[in-house]
Amino acid sequence: FQKKLHQALRKHPSYPQVVEEFITGLESHIENRDQFRNCLLPCVPVQNQEASNAVHSYCESLIKLVGSDGLNLPRLIVNQLKWLDRIVNSKELLSTIMQMICVSPLSIQHDIITSLPEILEDAQHSEVARELSSLLKEKTELTVPILDALSSLNLDLGLLSEVRDLVINGWDHTQVLENDIIISLVVLYFSLPASQVNVNQDCIKLLFEVIKSAIKFQKTILEGWIKAIENVYSASDHKVLDLIVLFLIYATNSKIKKQIERMLRNKIRSGCLREQLLRSAFRYHPLVMRDLFPAILSLAEVFVHSADSCIVSFGSYMYKQAFTAFDVYCQQEIVGALVTHACGGNSEEVDVALDMLTDLVSLHTSSVVPYGVFLKSILDYMDNLSPQQIRKLFHILSVLAFSQGHRSSHIQDDIHMVIRKQLSSTIPKYRRIGIIGALTMVGSMAAKRINSINSSITYSVYSSCGQIPQALALYYDELANLIQKGNMDLQILVGYITDDLYWFNLVPIEDSAFLFPVKALYCLEDEESEATIAINLLPLVSQSYLNKHENEVTAKMSPVCLSPFFRLLRLCISELNSGNLEDIDALLVCPLYLTNLEVGGKLDSLSKEEREFLCTLLFHALNWFHEVVNAFCRQNDAEIKGRVLARLQNITELQSLLEKVLAASPGYTPPLANFDSETVEGMPINNTVGTTKKKNKGNRLQFMRIFLQLGSTSVFPLQDSPGKESRTSLIPLQSYSAYFRELDLEVFNILHCGLLTKSILDTEMHTKTREIVQIGPAELLFLLEDLCRKLEHVLIPAPAKRAPFLKGKGKRNAGFSHLCQRTSQEVIERVVEFLKPLCNHMENMHNFFQALMAENHGVVDGPGVNIQEHQFMSSCYQHLLQIFRLLFAWSGFSQHENHSLLKSGLHVLTDRLKPGEKEFSLEDLLSHSFQYLLNFQHSVPNIYCALSLTQLLLVIAEKSVINLKHKEIGSITKYFLCQSWMQPNGTRQKGTQFNDALHTLFCIYMEHTDNVLKAIEDISRHLLMDYLFPPLSHPQYGRLFVETFLKHGMPLLDYSFKKHREDVQSLLKTFQLSTRQLHHMCGHSKIHQDTGLTSHVPFLKKSLELFVYRVKAMLALNHCQEAFWVGVLKNRDLQVSKYRPKAPFCDLMSFCQKVLKNIKVHMGKDSLSDIQSLFNASKV
């Protein structure tokens, strides 16, 4: 119509004047409403016609309005109604429109219904919703437009619930094509439970598309989702929908990515979001998760960077699930991301990436093979990989290389080329990489029964390292690792082992060619026969040390290879004989060819070369005994257990001797004992020992550096007793741990041993007597120290930082090669098995100190106390507490799959209080374990044990959700703070480390008390000030406070004195009282002659004098000089007791002269009486 009208007007002869005439005529024509209505309708209405006929006529008119040219005039008319400025009678209009809907065709009904929210006013929304709800019951084919209209109306909760019920009840009657729209509308606006809807994946995908759109463009919906998910605190209440929505928010809103990352971390750490939920998301909603792949990849990368093991585990699981569920493109992206992690430079991140690749290669080998070219690129970064990481890398490549025959032959060629290149290198680092890589490949091929290639590679490696002792030792160690894992055919090694049995001599040794005379020591048999075997240790060390033979002979006869070869031998025997070592049990009791070790008392008479030779001999002897204990600790025979304990005693004796010899051998470098790391890694601190007082102080600082290197859980050194030889002349062997052979975790089975009996046989091999053998304090301390170091290494993550340029990663792992081949969970499982004997030993410590205090009337420094025994037992006590703390502080316990392991450990502690009971909830186990450990508070011998026990109780309490034990922890820390800590020699514990421990305890107490100020006042009343606040800090920080007050406070008081005189006077009076404590501190330094304290006294005195002068200047400025007077300050100590210092007369005269000089300079022309009074106040 518009087009025809436009054309007619343009063709008119009087155009364009005809346009104005047409508009004027139209205006006059439509002034009459009836005429305008008739103009719109193509039929002429009858005045007396019934309403039904009128509606029928209207219906026919609407049909005619839809012309054949595709122009829908009814839709145009409805659209025009949206733009009405004012409705005169909205109720009548609604009634008319509803009548029109009833008689209109379906397409026109759809247009009218969807336009209702824009035509009608807001006040009619409820009425419209009721009309549409009634219509929804009658005509289900109008469900989509009705729900679309309802989504734009403001509805009350009752009507909303009614509409939702109508939709659910009529769900089965809707068409499948309508389901997508209905789901999106109903779920978004009416909170339809997804469990009540049975839809296909396309519908679910559309549902999340609607949610995605809503949270992207509607801030209220976004905040609502975040708040709703954040307020769910139980894992059982979290649904898959929660996790996917968080991924959606992370993908669509870049501004709140950090917030979502933080929320996910907290949920994972608390155990609310578990791997099972993530697995369900990938399993049941693959299409939705595929669309979110970039967000998933980004989040996984962020999580892997975390320092929290449970977060890292969740990120790893995201990678694995995505690789399994997604297509080839996503798999390639995932492998590329893991390769990036492996080459990134962060050691922890590299381990995680290689572990994930190992799992993918093991479970989805065929899927990973096409991406072998990406994995081969990691070979270019081997310089920055640790030995264990190199093993993982070559295992991954070996599995890919031999998995699909000729299809992966290019990987085989590349690996063989790299290994041959490394083995032929003259640089030890690259030769070491070649040995590790080659034997790792041998182990991977052995699992696939490829023995022909195995034999050739093994012989090739043996030939390449046979000339170099360190390389040959590494070869033995790597073969032993393969046997221990069951990845080696023992028949290949028979020839090598039988050819190398020259280590054990059967004939006497002539000692004329050696630096020291040969003597057989440490034989556990009572009577030696001529055929008894012995370890040729001193001859081997002498030949190696003097370099008298050719290189080939020296390499094969080097003592460096002795312990590695024995490890390989005993593992082979154990594997062939199902763990029985009877064939080689003579090596447990046989002597060592050493020398008379009494030369350790005549070190001054030995040359430097002889002392270093003796150090080397002792290191090799200790490493031999380490491997002997490793070998036979698994045997169940009681006699063998007794002999193993005897070897532990030999170890502690040799260690004591080695400490003395090392102290006399400055600059000495021990022989290597662990061969898969750099030679310079784990180098000990220079152990130069001085004799003067100044050098002694340097040694103490050096010892503190050693202590700091050992980690925060190391044992604090005990103070020496006066009058005895200082123990600082001994070198602590902890700094040499990388030069000792590693103890296996199975060695700690010895902790299970209580009292053992050792048979003593006569010449006819009959039992003559039986001795009781018990593990002693020294041997127990040796085992506990090693276990503590192992737990520190495995359970405390390294700092998350990149390694320096061109520097390897093996330093931290030096001495822990075998331990690094176990996961932290495997280590925890083994340590949990040792909890029962550890509890036994800790209770023994408790009983020992309780009995000691009972004998000495409640004190530990009685006259009959054995100081050395006290030190051993105290160190054992602290190490036991540290082991418990390290164990239960493991972050992996927060993961749901490790809860059973945590409960097993706690049940051991609970069983000590409530034996026999089996069923406990986690909260009950935590409560009972806390109470068990709390019982040890009255037996701790020093503040270091007290701090360890407090930290252990904190770890247990923090795992509880409902009972954090604030009151109990506050009470025990207060008890420890109020203790007077004494050493067994009768002196009070003191020093920097003591102050640090005291400070840590005080901070813990402040965090667990309700009223901090009252707690400080209460503590100060019962505790000596030099305990709670170290005297050294008072002069230093007190002076700074006084100087700050003089600089910034006094100028304000100058101008405030006139208006606020009383406030200023009160402030100065309070400050003056505070400075008196500083005066007392100066007196304390004079009484105790503390050089560290007195060095701060002159500066403090000067600041206090300046305060006096500054106050007088302020009074003079305000014309109140007469108010200033000086009194006599009496000398007092920290307990505010008077004392009369004894000072030489010359010191007194010197002091008086200084005082007069200061008075003259600062006071000028003051009266003689003022000078005299000030002088009297300054008298000493």
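Above this note sits the structure.
Just so it is clear, the model here is predicted, and its values are computed rather than measured. (Residues numbered from 1 in each chain as written. Predicted model: local features only at pLDDT ≥ 70, side-chain atom pairs only at ≥ 80, totals over all residues. Heavy atoms only, no water.)

Attention now goes to the overall build of the protein chain. The number of helices and strands found in the protein chain is 53 helices and 6 strands. For the protein chain, buried positions account for 47% of its 1180 residues. Long-range pairs, those at least 24 residues apart, make up 72% of the contacts in the protein chain with a sequence separation of at least 6. Here the protein chain displays about 60300 Å² of accessible surface, and carbon together with sulfur accounts for 53% of that area. (Helix = DSSP H or I, 4+ residues; strand = E, 2+ residues; numbered from the N terminus. Buried < 20%, exposed > 50% of the residue type's maximum accessible area, 1.4 Å probe, protein only. Contact = heavy atoms within 4.5 Å. Areas by Shrake-Rupley, 256 points an atom, 1.4 Å probe, with all protein chains shown as cover.)

On to the packing of helix α28 (residues 469-485) against helix α32 (residues 562-576), then. Close contact between α28 and α32 brings their axes to 8 Å; oriented N to C, the two are set at 25 degrees. Considering their axes alone, α28 and α32 lie roughly parallel with respect to each other. For the pair α28 and α32, the sense of crossing is left-handed. Listed contacts from α32 to Ala473, Tyr476, Asp477, Leu479, Ala480, Ile483 and Gln484 of α28 are Pro564, Phe565, Arg567, Leu568, Leu571, Cys572 and Glu575. Its residues placed into classes, the contact of α28 with α32 shows 10 nonpolar, 1 polar and 3 charged. (Axes fitted to C-alpha atoms, helices over the stretch in contact; angles between N-to-C directions. Parallel < 35°, antiparallel > 145°, perpendicular 65-115°, else oblique. Left-handed = near helix turned anticlockwise from the far one by under 90°. Nonpolar A, V, L, I, M, F, W, Y, C, P; charged D, E, K, R; others polar.)

A word on the pattern of salt bridges. Counted according to the given criterion, the structure contains 26 salt bridges. Notably, a salt bridge pairs Arg741 with Asp477, separated by 2.9 Å at the nearest N-O pair. With Arg741 in the loop between α36 (693-709) and β5 (755-761) and Asp477 in helix α28, the pair connects residues that are 264 residues apart, well separated along the chain. Each member of the pair, Arg741 as well as Asp477, is classed as buried. Here Arg789 makes a salt bridge to Asp786, at a shortest N to O gap of 3.4 Å. Within this pair, Arg789 and its partner Asp786 are both found in helix α37 (residues 777-795), separated by 3 residues, close to a single helical turn. Taken together, the shared-partner salt bridges in this structure form one network comprising Asp477, Arg567, Arg570, Glu627, Arg634, Arg741, Asp744, Glu746, Arg822, Arg830 and Glu833. (Salt bridge = Lys/Arg side-chain N within 4 Å of Asp/Glu carboxyl O.)

Here we take up the side chain of Lys376. Topologically, Lys376 is positioned in helix α23 (residues 372-376). With residues up to four places along the chain from it excluded, the contact list for Lys376 reads Leu397, His410, Ile411 and Asp414.

Moving on, we get to the side chain of Asn623. The topology assignment puts Asn623 in helix α34 (residues 608-632). Taking relative accessible area as the criterion, Asn623 reaches 3% and is therefore assigned buried. Apart from residues lying up to four places away in sequence, Asn623 is in contact with Ser563, Ala673, Tyr739, Phe740 and Arg741.

Once that is clear, we can look at the packing of aromatic side chains. What the rule picks out here adds up to 24 aromatic pairs. Considering the side-chain rings of Phe566 and Trp624, the 4.8 Å spacing of their centres and the 45 degrees angle between planes classify their relative orientation as tilted. Of this pair, Phe566 sits in helix α32 while Trp624 sits in helix α34, and the two are 58 residues apart along the sequence. As far as burial versus exposure is concerned, Phe566 and Trp624 are alike and both buried. An aromatic cluster is present here, built from Tyr462, Tyr475, Tyr476 and Phe565 joined pairwise through their rings. Sitting above the plane of the Tyr250 ring, Lys257 keeps its charged end 5.1 Å from the centroid. It is Lys267 that lies over the ring of Tyr233; its NZ or CZ is 5.7 Å from the centre. (Phe/Tyr/Trp six-rings, centres within 6.5 Å; stacked < 30°, edge-to-face > 60°. Lys NZ or Arg CZ within 6 Å of the ring centre and 35° of its normal.)

Over its 17 residues, helix α21 (residues 347-363) extends 25 Å from the first C-alpha to the last, a length consistent with the 24 Å expected when each residue adds 1.5 Å. The set of residues buried in α21 consists of Ser347, Glu349, Val350, Val352, Ala353, Leu354, Met356, Leu357, Thr358, Leu360 and Val361. Packed against the buried residues of α21 are α18 (293-304), α19 (309-325), α20 (328-342), α22 (365-368), α23 and α24 (387-401). (Expected span 1.5 Å × (residues − 1).)

Moving on to empty space enclosed by the protein. This model, assessed by the stated rule, comprises 11 cavities of 30 Å³ or more. Considering only enclosed or pocket space, the largest cavity measures out at about 110 Å³ in volume. Surrounding the largest cavity, Ile268, Gly271, Leu273, Arg274, Glu275, Cys310, Ser313, Phe314, Ser894, Gln895, His896 and Glu897 form its lining. The element that contributes the greatest number of residues to the lining of the largest cavity is α19, accounting for 3 residues. In terms of residue class, the lining of the largest cavity is made up of 4 nonpolar, 5 polar and 3 charged. (1 Å grid on protein atoms, 1.4 Å probe; cavity = no way out; pocket = protein on both sides within 12 Å on 5 of 7 lines; lining within 4 Å. Points joined across faces, edges and corners; volume = space filled by probe spheres on them.)

Before going further, it helps to examine a negative patch on the surface. A cluster of like negative charges, contributed by Glu582, Asp583, Asp585 and Asp637, occupies part of the molecular surface. The residue Glu582 is located in the loop between α32 and α33 (586-589) in this model. Glu582 gets classed as exposed once you look at its relative accessible area, which sits at 57%. (Patch = residues over 30% accessible without salt bridge, like charges linked within 9 Å, V, L, I, M, F, W, Y side chains within 5 Å. Lys, Arg positive; Asp, Glu negative; His and termini not counted. Charge placed at Lys NZ, Arg CZ, Asp CG, Glu CD.)

The next point concerns the packing of helix α14 (residues 240-252) against helix α16 (residues 275-284). Axis separation between α14 and α16 bottoms out at 9 Å; the angle between their running directions is 75 degrees. One way to sum up the angle between α14 and α16 is to call them roughly perpendicular. Between α14, through Val240, Leu243, Ile244 and Phe247, and α16, the contact on the second element is made entirely by Leu277, Leu278, Ser280 and Ala281.

Turning to α16, a few remarks are in order. Within the sequence span of α16, burial applies to Glu275, Leu277, Leu278, Ser280, Ala281 and Phe282. On its buried face, α16 is in contact with α14, α17 (286-291), α18 and α19.

A few words now on the nonpolar core. The biggest cluster of nonpolar side chains holds 263 residues, and the ones touching the most others in it are Phe632, Ile750 and Phe888. If you tally residues by element for this core, the top one is α34, at 14 residues. Of the residues that make up this core, three or more belong to each of domain 2 (492-680 + 732-742) and domain 3 (819-1010). Look past the residues within four positions of Ile750 in its chain and what remains in contact with it is Val629, Cys633, Val644, Leu645, Leu648, Ile775 and Leu783. (Core = buried A, V, L, I, M, F, W, Y, C linked by side-chain atoms within 4.5 Å. Domains from an automatic or database assignment.)

Next up on the list: the environment of Phe217. Take Phe217: it is sitting in helix α12 (residues 201-217). As a C-alpha pair, Phe217 and Asn253 span 36 residues in sequence and 9.8 Å in three-dimensional space.

Now for unusual backbone geometry. With an omega of 15 degrees, the peptide bond running from Tyr15 to Pro16 counts as cis. Summarising the element assignment, Pro16 is placed in the loop between α1 (2-11) and α2 (17-29). Positive phi outside glycine occurs at Ser578, with the angle close to 55 degrees. In this fold, Ser578 is placed in the loop between α32 and α33. When its relative accessible area of 74% is taken as the criterion, Ser578 is described as exposed.

Let us look at the environment of Leu954. Note that Leu954 resides in helix α43 (residues 943-958). Residues Leu954 and Ile969, 15 residues apart in the sequence, show an inter-C-alpha distance of 7.4 Å. Setting aside residues up to four positions removed in sequence, Leu954 forms contacts with Ile969, Ile1004 and His1008.

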